[in-house]
Amino acid sequence: MVSRAALATLAVLLLVGCAKPMRDDLYVLMPDQDGKTGALSVESGGQQAVLDQPYASARVTEPGRVAAGPITEQEARRAFGAALDAQPARPTSFILYFLEARDELTPDSRQLLGRIIDEIARRPAPEIVVIGHTDRVGPVPYNDTLSLRRAERVRDELVKVGIAADRIRVEGRGEREPLVPTPDGVAEPRNRRVEISVR
Amino acid sequence: MNRMVLSLVVVVAALGAAPAGAQEAGHVKVAKGAVQIERAGQKVPATLGAVVQAGDVVVTGADGSVGITFLDNSLLSAGPNSVLAIDRFAFDSTTHQGSFESSLKKGTLAVVSGKLAKQSPDAMKVKTPAAVLGVRGTEFLVRTGDPKND
């Protein structure tokens, strides 16, 4: 009687005996920096694995042969250290607030500006987008001009500390994109702002 | 009124100053060791700040690694002995729609997906010679290679 176990052993031996694997592919899902984990589908030769847990992985030794299973953080680090070390800094953004009807920063935001400058200075080849906004007091054309002046004011502060002007794009959106929606004519400090995106 | 006209001029000038290449996809932010960009049969060194376009192939040497930030905030970084092709990149910065397809021919790759994958689950694909990866807004690692040829 040929036992089921013996057949299984034979099958494993046959698989192992099939020369060297043709490929050494490894796919690993990482936890996101914000603690959530997305999902990755790995499709090869009609076979599919869906990875949806941190450090879930799939190995493909030849097209159509997909083996899923977890690996450790250390194993991932060992296999991908150089690629992980070369990851660019995460894009980030900041909001600075302004005094009513003016292109002067609030005292709190003036302090924050120093931190933003430090953050930009740390980044190689930074790309910076500065977008000015207003609240809904005053006519639309006035606010268009004011929003752009606010953005330009921030740009000038960045240029003053040595950040190249050609790395900074400036836009004014007027009162069109309030952070806090209000009826027209309402003063809202949270809408008097400049958003700075850095990457 | 004059000020309005002036600010309009500034806006137009700022738009005009943006790099004209519609194929601009990203910029090199990290470059260590030998890293080259192959474009239309030419090889250019991938220096800090260099533009990466759709159609480019990024190649790292035995001591090389490279990190690229794309216009949709996707981050791709490759380790040594890697060949990464940017097959397709289209990104509408207003709607966040478009598509991003790349191929890792060999080597190692770390990916942080950006606004494209967040907007639409099918917008981002990474291929290797053996597999196609579908990205649902996430971070992941890819190694591919034929051991006999390495």
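Analysis parameters
Residues numbered from 1 in each chain as written. Chains lettered and ligands numbered in written order. Predicted model: local features only at pLDDT ≥ 70, side-chain atom pairs only at ≥ 80, totals over all residues. Domains from an automatic or database assignment. Pairing = 2+ DSSP bridges. Helix = DSSP H or I, 4+ residues; strand = E, 2+ residues; numbered from the N terminus. Axes fitted to C-alpha atoms, helices over the stretch in contact; angles between N-to-C directions. Contact = placed C-beta atoms within 7 Å. Buried ≥ 20, exposed ≤ 12 C-beta atoms within 10 Å, placed from the backbone.

Draft legend 1. Seen up close, the domain arrangement of chain A. Each assigned domain of chain A is listed with its residue range as follows: domain 1 (21-85) and domain 2 (92-198). In this structure, domain 1 of chain A and domain 2 of chain A have C-alpha centres spaced 41 Å apart.

Draft legend 2. Looking closely at the pairing of strand 2 (residues 35-39) of chain B. Residues and elements named next belong to chain B. By the bridge criterion, four bridges tie strand 2 to strand 5 (residues 57-60) in an arrangement that is antiparallel. If you follow Gln36 over to strand 5, its bridge partner there is Val59. Summarising the sheet, strand 2 and strand 3 (residues 42-45) pair through four bridges and their orientation is antiparallel. Bridge pairing in strand 3 links Ile37 to Val44. Between strand 2 and the antiparallel strand that follows it, strand 3, lie two residues; Ala40 among them carries a positive phi value of about 50°.

Draft legend 3. Spatial organisation of the sheet that holds strand 6 (residues 92-97) of chain A. All names here are of chain A. Taken in spatial order, the four strands make up an open sheet running 6-9-7-8, and their pairing is mixed. Each edge of the sheet is formed by a strand with only one pairing partner; in this case those strands are strand 6 and strand 8 (168-172). Each adjacent strand pair in this sheet contributes to an overall mean axis angle of 15°, direction not counted. One ladder, built from five bridges, connects strand 7 (residues 128-132) with strand 8; its direction is parallel. In the strand pairing of strand 8, Val129 is matched with Arg169. Against the sheet, helix 3 (residues 107-122) contacts strand 6, strand 7 and strand 9 (193-198), and its axis sits at roughly 155° relative to strand 6. Across the sheet, helix 4 (residues 140-160) is in contact with strand 6, strand 7, strand 8 and strand 9; its angle to strand 8 comes to roughly 160°.

Draft legend 4. Quick peek at unusual backbone geometry. Residue and element names in this part refer to chain B. The residue Ala40 is not glycine, and still its phi comes out positive at about 50°. Tracing the sequence through the fold places Ala40 in the loop between strand 2 and strand 3. Taking the number of C-beta atoms within 10 Å as the measure of exposure, Ala40 has 7 and is therefore exposed. One non-glycine residue, His96, lies in positive phi territory at about 65°. By the secondary structure assignment, His96 is in the loop between strand 8 (83-91) and strand 9 (98-112).

Draft legend 5. Summary view of the interface of chain A and chain B. The partner chain B presents 45 residues to the 42 residues of chain A that form the contact. Mapped onto the side of chain A that touches chain B, the elements with two or more residues apiece are strand 1 (25-30), strand 2 (39-44), helix 2 (73-85), helix 4 and strand 8 of chain A. With five bridges joining them, strand 2 of chain A and strand 11 (residues 132-136) of chain B adopt antiparallel strand pairing. The partner of Leu40(A) across the bridge, within strand 11 of chain B, is Val135(B).

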